[in-house]
Amino acid sequence: MIRFENVTKVYPRGTRPALDKVSLEIERGEFAFIVGPSGSGKSTMLRLVLREESANSGTVLVAGQDLGRLPMRKIPRMRRQMGAVFQDFRLLPGKTVYQNVAYALQVIGKSSLQIRRTVPETLEMVGLGGMDKRLPHQLSGGEQQRVAIARAVVNKPMILLADEPTGNLDPAISLDIVRLLERINRTGTTIIMATHDDSIVNDLRRRVIELNEGRVVRDDEHGTYVPQSM
Amino acid sequence: MSPRFLLQEIWTGIRRNLSMTVSVVLVTMVSMYLLGLGLLAQTQADTMKGYWYDRVQVSIYLCTDTSLRPNCTSGAVTEEQKETLLAQLNALPEVQQVFYESEEEAYDRFQEQFRNSPLAGNIEIGDIPQSFRVQLEDPSKFGVVVSQFEGAPGVADIQDQERVLNRFFTVINYITLFSVLLAALMVLAAVLLMATTIRQAAFARRREIGIMRLVGASNFTIRLPFVIETVIAAVLGALLAFGLLFATVHYIFNRFLNRVVLDQALIGDSDVLAVAPLMFAGVVVLAVLTSTVTLWRYLRV
Ligand SMILES: Nc1ncnc2c1ncn2[C@@H]1O[C@H](COP(=O)(O)OP(=O)(O)O)[C@@H](O)[C@H]1O
Ligand SMILES: [Mg+2]
């Protein structure tokens with residue numbers, strides 16, 4: 001589903017590569033953690049998959065498509081097959097829970113009939129049934145992240161990218177969020193989650209790809225994560 | 001994007017950036033008003049040319065007893081001289097018609113023309129000399145008449161109205177040039193203001209834009225609300241300019257000038273209507289181009 005071949009990414013004013021000759025493959029339906037200390041290149045990997053950034057050398061393939069050769073005008077269509085969530089939720093503060101999720105469908109031209117059908121069932125699925133009319137500031141952090149997840153999956157993407165989705169949440173809440181991601185994974189969505197939260201990684205026993213200074217230093221099928229002491 | 005959603009987006013956009021939108025409206029209004037004035041001044045000149053060229057006359061003033069012209073030392077013009085002059089004028093192929101105006105007629109015409117002016121009381125019969133009014137086939141052939149009749153016996157002075165009119169038209173041309181130049185500067189200001197407004201609006205909506213990109217909204221979808229907002233502001237400005245122009249011509253220009261100067265050969269409401277399509281098409285093109293270029297430069301994927 002996602003393949004990195006010798007991918008190197010150097011930011012314009014970066015001193016060292018953010019990613020240094022990274023090669024790996026993530027299969028359809030997989031759930032993979034990307035771990036590593038701050039600055040190791042986790043977010044950069046996800047940004048390359050989203051085509052927010054492009055690689056300086058090497059190839060990034062998503063669903064068989066070489067993102068480096070994808071013309072600009074085809075990028076939006078490619079992004080519709082992915083969902084993304086972040087540490088800071090990125091909700092629109094003036095819109096309700098329902099409107100935030102519906103927005104993702106409205107701006108890609110879905111009919112209001114489709115929106116009325118899919119948004120409530122997605123909100124139900126992430127455990128926010130009955131909260132449609134709340135504004136983001138009336139929700140807890142965990143609930144806000146659920147809204148963000150609902151928005152990311154409402155268009156039924158093949159891939160869900162999560163960049164430290166539990167970074168702002170308590171441990172117990174964090175586990176709930178990851179359980180939700182697991183449930184989404186069971187419906188066939190490929191999930192890549194960047195994190196440096198070792199307890200979650202160790203609880204789930206999923207594939208763990210560890211980065212350090214832009215290099216893959218470990219890739220275990222049912223891995224654990226022991227952060228190096230600073 | 002459904003039309004209703006698009007309208008909502010546009011409405012929130014305008015509301016959030018209201019003061020900038022208002023300034024775009026106003027600057028567009030002023031620039032289009034000036035442009036309209038320039039165009040209308042030109043229309044006015046054309047209208048007057050058409051009107052006056054049918055009536056333009058060369059006046060050949062004849063000698064009186066008191067005339068100080070060197071050609072009139074032998075006193076007032078005689079009947080004989082008048083007949084000779086008339087015959088000579090009628091013989092010229094360039095001449096269309098010749099009217100004779102006596103001192104009494106000249107006095108009456110003056111009284112009529114300046115009926116609202118204190119000047120009328122200061123004039124007596126005889127102050128304006130008798131004259132031949134010559135209508136030419138082609139008003140610009142004035143030189144022929146002058147060369148033939150200047151210094152002829154009994155002729156005091158030859159005056160050409162065309163020369164006076166031309167000076168007037170030159171003034172109008174300068175007014176047009178000036179207002180069109182000013183309008184061009186204002187249009188430039190409007191374009192720059194539109195660009196700044198769009199950049200500000202895009203900044204105010206950076207969250208929304210970020211999410212739209214993330215979920216795969218097309219560039220067209222992301223940019224369309226900004227383009228439409230700019231077009232709305234510009235068209236509103238043009239609409240106000242049109243209203244102002246209409247009021248200027250209808251209430252000020254026509255009402256006052258009609259009484260004071262002439263009652264024909266003036267532009268009217270229909271002339272304002274005629275420049276309107278140009279104004280509206282102009283601002284739409286301007287708004288679409290400016291917003292497209294600004295967004296293209298500012299909102300890269
Ligand atoms: N926009 C950027 N411009 C320059 N350098 C950047 C930028 N984003 C990230 N970097 C650098 O790239 C490296 C990897 O960053 P990142 O992928 O954000 O790591 P992580 O998500 O693992 O913390 C870091 O050294 C960081 O400073
Ligand atoms: Mg990061």
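Thresholds applied
Residues numbered from 1 in each chain as written. Chains lettered and ligands numbered in written order. Predicted model: local features only at pLDDT ≥ 70, side-chain atom pairs only at ≥ 80, totals over all residues. Heavy atoms only, no water. Contact = heavy atoms within 4.5 Å. Buried area = accessible area lost by both parts, 1.4 Å probe. Salt bridge = Lys/Arg side-chain N within 4 Å of Asp/Glu carboxyl O. Polar contact = N/O pair within 3.5 Å; in protein donor to acceptor, adjacent residues only side chain to side chain. Nonpolar A, V, L, I, M, F, W, Y, C, P; charged D, E, K, R; others polar. Domains from an automatic or database assignment. Disulfide = S-S within 2.5 Å. Buried < 20%, exposed > 50% of the residue type's maximum accessible area, 1.4 Å probe, protein only. Near = heavy atom within 4 Å. Areas by Shrake-Rupley, 256 points an atom, 1.4 Å probe, with all protein chains shown as cover. Helix = DSSP H or I, 4+ residues; strand = E, 2+ residues; numbered from the N terminus. Core = buried A, V, L, I, M, F, W, Y, C linked by side-chain atoms within 4.5 Å. Pairing = 2+ DSSP bridges. Axes fitted to C-alpha atoms, helices over the stretch in contact; angles between N-to-C directions. Lys, Arg positive; Asp, Glu negative; His and termini not counted.

Draft legend 1. Up close: the interface of chain A and chain B. Taken together, the contact between chain A and chain B spans 21 residues of the former and 15 residues of the latter. Taken together, the two surfaces of chain A and chain B that pack against each other cover about 1600 Å², and 66% of this comes from carbon and sulfur. Applying the counting rule to chain A against chain B returns one salt bridge. Where A:Lys95 meets B:Glu9, a salt bridge forms, and the shortest distance between an N and an O atom there is 3.8 Å. Here chain A and chain B share two residue pairs in polar contact (both at pLDDT 80 or more) between them. For the side of chain A that touches chain B, the per-class residue count stands at 13 nonpolar, two polar and six charged.

Draft legend 2. How the structure looks around the domain arrangement of chain B. In terms of domain boundaries, chain B breaks down into domain 1 (3-52 + 169-298) and domain 2 (55-165). Averaged C-alpha coordinates put domain 1 of chain B and domain 2 of chain B at centres separated by 51 Å.

Draft legend 3. The arrangement of the state of the cysteines in detail. Residue and element names in this part refer to chain B. Using the criterion set out here, one finds one disulfide over all chains in the structure. For Cys63, the disulfide goes to Cys72, at an S-S distance of 1.9 Å. Disulfide Cys63-Cys72: torsion about the S-S bond near -70°, hence left-handed. Summarising the burial analysis for this pair, Cys63 and Cys72 share the class buried.

Draft legend 4. Here's a closer look at the site of ligand 1. Residues and elements named next belong to chain A. With respect to spatial proximity, the complete set of residues near ligand 1 consists of Tyr11, Arg16, Ala18, Pro37, Ser38, Gly39, Ser40, Gly41, Lys42, Ser43, Thr44 and Arg47. The contact in question runs from an oxygen atom of ligand 1 to an N or O atom on the backbone of Ser40, over 3.2 Å. A distance of 2.9 Å separates an oxygen atom of ligand 1 from a polar backbone atom of Lys42. When the free accessible area of ligand 1 is taken as 560 Å², the share hidden by the protein chains comes to 64%. Grouping the amino acids of the shell around ligand 1 by side-chain chemistry returns three nonpolar, six polar and three charged.

Draft legend 5. Just helix H3 (residues 97-106) of chain A, in detail. Extensive coverage of H3(A) is indicated by the burial of seven of its 10 residues. Of all the residues in H3(A), the buried ones are A:Val97, A:Asn100, A:Val101, A:Ala102, A:Tyr103, A:Ala104 and A:Leu105. The elements touched by buried residues of H3(A) are helix H4 (112-125) and helix H5 (141-153) of chain A together with helix H1 (3-16) and helix H7 (206-214) of chain B.

Draft legend 6. Focus on the nonpolar core. Formed by 81 residues in total, the largest nonpolar core has its most connected members in A:Phe31, A:Phe33, A:Val107, A:Val119, A:Ile149, A:Leu181 and A:Met193. Per-element accounting of this core gives the leading share, 11 residues, to helix H8 (residues 219-260) of chain B. In contact with A:Phe31, not counting residues within four places along its chain, are A:Val178, A:Leu181, A:Glu182, A:Asn185, A:Ile191, A:Met193, A:Leu204, A:Arg206 and A:Arg207. Residues A:Leu46, A:Ile75, A:Leu161 and B:Leu214 belong to the second largest nonpolar core, which totals 31 residues.

Draft legend 7. Expanded view of the sheet that holds strand E2 (residues 19-26) of chain A. All names here are of chain A. Read across the open sheet, the four strands follow the order E2-E1-E4-E5; overall the sheet is antiparallel. One side of each edge strand has no neighbouring strand; the edge strands of this open sheet are E2 and strand E5 (65-66). When strand E4 (residues 57-62) meets E5, the two strands line up antiparallel, connected through two bridges. If you follow Val62 over to E5, its bridge partner there is Gln65. Taken strand by strand, helix H1 (residues 42-50) contacts strand E1 (2-9), E2 and E4, and its axis lies near 115° from that of E1.

Draft legend 8. Examining the pairing of strand E10 (residues 215-220) of chain A more closely. All names here are of chain A. Pairing between strand E9 (residues 207-212) and E10: five bridges, direction antiparallel. Residue pairing across strands places Ile209 opposite Asp219, the latter belonging to E10. The hairpin turn running from E9 into E10, its antiparallel successor, is two residues long, and Glu213 in that turn takes a positive phi close to 50°.

Draft legend 9. Local environment of the side chain of A:Asp197. Residues and elements named next belong to chain A. Examined against the element boundaries, Asp197 turns out to sit in the loop between strand E8 (190-194) and helix H7 (198-204). The charged side chain of Asp197 is buried without a salt bridge, its nearest counter-charge being Arg179 at 12 Å. Leaving out residues up to four positions away in the same chain, Asp197 has contacts with Thr166 and Ser174.

Draft legend 10. Local environment of the side chain of B:Thr221. In this structure, B:Thr221 sits in helix H8. Within polar-contact distance, the side chain of B:Thr221 engages the side chain of B:Ser218 at 2.8 Å. The residues touching B:Thr221, leaving out its near neighbours within four places in the chain, are A:Val107 and B:Met1.

Draft legend 11. The arrangement of the domain arrangement of chain A in detail. All names here are of chain A. Parsing chain A into structural domains produces domain 1 (1-81 + 157-223) and domain 2 (92-155). Put simply, the middle of domain 1 and the middle of domain 2, counted by C-alpha atoms, are 24 Å apart. With 12 residues of domain 1 at the contact, the number on the domain 2 side is 11 residues. Buried surface at the junction of domain 1 and domain 2, both sides included, amounts to about 1000 Å², of which 69% is carbon and sulfur. Per-residue buried area on domain 1 facing domain 2 is highest for Arg80, Pro157 and Leu180; these three make up 42% of the total on that side. On the surface where domain 1 and domain 2 come into contact, there are zero salt bridges.

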